[in-house]
Amino acid sequence: MARRVRVGGGALLRDMDAATQEHGLAVPAGEIGHTGVAGLTLGGGMGWLTRRAGLTIDNLLAAQVVLADGGVVRADTEEHPDLFWALRGGGGNFGIVTEFEFAAVPVGPIVSFGLFFFGLDDGAAVLRAARETIPHLPPTVGFQIIAVTAPPAPFVPAEVQHRLGWAIAVVGTTGSTPDPEAEQVHERVRATFPERLFEFCTPMPFTALQQMFDEGNAWGMHAYDKSCSVATLTEPAIEVLAEHVARKVSPMSVVHLYTLDGAYSAVAEDATAFGGGRSPRLTVFLIGLSPDGAGLPAERAWVRAFHRALLPHAIGTGMYVNAMTADDADRLRATYGDKYDRLAEIKAVYDPANLFHRNANIPPAG
Ligand SMILES: Cc1cc2nc3c(=O)[nH]c(=O)nc-3n(C[C@H](O)[C@H](O)[C@H](O)COP(=O)(O)OP(=O)(O)OC[C@H]3O[C@@H](n4cnc5c(N)ncnc54)[C@H](O)[C@@H]3O)c2cc1C
């Protein structure tokens, strides 16, 4: 089987997941079904499969691109290799991608989902236990730490609904039921983490997992987010996380820590334009969400103060380019580091007049 996937420039993740799952395959991507494949891919693309199979860009084989001068080209390692490099992390700066060609990996159709929920006051202990667990994670497992207000969902006990707390999410992708590698992590969580308020562990279709959080992230929400990465959960970082999570106002606001290592870190630093760095890390997303504009200023202030406090404990001051807002433009150089100048040179070749500028913009060199 060739395991090649061709995806149109306007497709959503849920479209791609539905089509690939018909063949027991998936392209490693993000975690929300209504995210666009294009924007997510061009900035990197991370989700449940990243530890196992790398970023979305690590699985990109080629792209068809409409350039600023109207020309249409195919970019891959043979044709326009500089453009192909830049597309893998450099965002929407270089042209309009009308088709992506990906290598897919065998996944599901059933995966294992495990959610363990802990009280707010146990935050520091949960983070310490996670720090000890991460180095022992099997390679096929996705692992996230999430600070979240428990939703009024059927799998959440009534007395825990609407309570702010810390969750550990474990996704097993071996395809076996039960999933031996995920079970191993579940056992460790049960044995070494604080007393949990509830757990919810179940096999589910990969396509359901990929749309599980869509409702909480519905289109039309007012949002403000920032990100940074920490190499590990040091005591000072834990202190900041525990303190600032407790200060969020909107029940919808959430903090995600994605564990990135394994296949993510097996890719050479300069193989793509990705701005994040490839050493093992936790990428922290601070996401302020409000159903209306009136609630947004409080969430924005929360995100900004949280980010300021966490930055001294982070790997550099760069940010995941897909989590940047307009006021993060000054962080682009820090995000791309040594790659920035090469990106600006490539921009000068493919878009010298900066036609594509409504993005995390890299102006053309010169
Ligand atoms: C609810 C939510 C959940 C998310 N979850 C994840 C996650 O799990 N993992 C992750 O990695 N990221 C995640 N993200 C971040 C996401 O990757 C970025 O928001 C990304 O920009 C979304 O792309 P889009 O195509 O949906 O958005 P759009 O707003 O359509 O596009 C964003 C930018 O991408 C560029 N672009 C879009 N389409 C094209 C194209 N065809 N050709 C060239 N450039 C193009 C343009 O510069 C555009 O400004 C999430 C974001 C949200 C809002």
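Only a predicted model underlies this, so the values are computations on that prediction, with no experimental measurement involved.

Enquirer: Outline the sheet that holds strand β4 (residues 72-75), listing residues and values.
Expert: On the basis of which strands lie adjacent, the open sheet formed by four strands has the order β1-β5-β3-β4 and antiparallel pairing. The open sheet has two free edges, formed respectively by β1 (4-8) and β4, since each of these has just one partner strand. Averaged over all neighbouring strand pairs, the angle between strand axes comes to 15°, with direction disregarded. Here five bridges tie β1 to strand β5 (residues 96-103), and the two strands are oriented antiparallel to one another. Each residue of the ladder has a partner; that of Arg4, found in β5, is Ala103.

Enquirer: Let's hear about the sheet that holds strand β9 (residues 164-172): which residues, and what values?
Expert: In a beta sheet, neighbouring strands pair by backbone hydrogen bonds and run either parallel or antiparallel. Overall, antiparallel pairing links the seven strands, which are arranged β10-β7-β9-β8-β12-β13-β11 in an open sheet. The sheet is open, and its two edges are formed by β10 (198-205) and β11 (222-230), each paired on a single side. For this sheet, the mean angle separating the axes of adjacent strands, direction not counted, is 15°. Where strand β8 (residues 141-149) meets strand β12 (residues 254-260), four bridges bridge the pair, whose relative direction is antiparallel. Considered in β12, the bridge of Ile146 is made with His256. Those strands touched by helix α10 (residues 296-310) are β11 and β13 (281-290), and its axis lies near 160° from that of β13.

Enquirer: Explain the site of the ligand residue by residue, including any values.
Expert: Around the ligand, a shell composed of 23 residues is seen, among which Gly30, Gly36, Ala38, Gly39 and Gly92 lie nearest. Put simply, the parts of the chain that give the shell around the ligand at least two residues each are α2 (37-43) and β5. Element by element, the count of residues in the shell around the ligand is highest for α2, at five residues. In terms of residue class, the shell around the ligand is made up of seven nonpolar, 14 polar and two charged.

Quick notes on the rules
- Residues numbered from 1 in each chain as written.
- Predicted model: local features only at pLDDT ≥ 70, side-chain atom pairs only at ≥ 80, totals over all residues.
- Pairing = 2+ DSSP bridges.
- Helix = DSSP H or I, 4+ residues; strand = E, 2+ residues; numbered from the N terminus.
- Axes fitted to C-alpha atoms, helices over the stretch in contact; angles between N-to-C directions.
- Contact = placed C-beta atoms within 7 Å.
- Near = placed C-beta within 6 Å.
- Nonpolar A, V, L, I, M, F, W, Y, C, P; charged D, E, K, R; others polar.

Function cannot be inferred from these measures alone, as they are strictly geometric.
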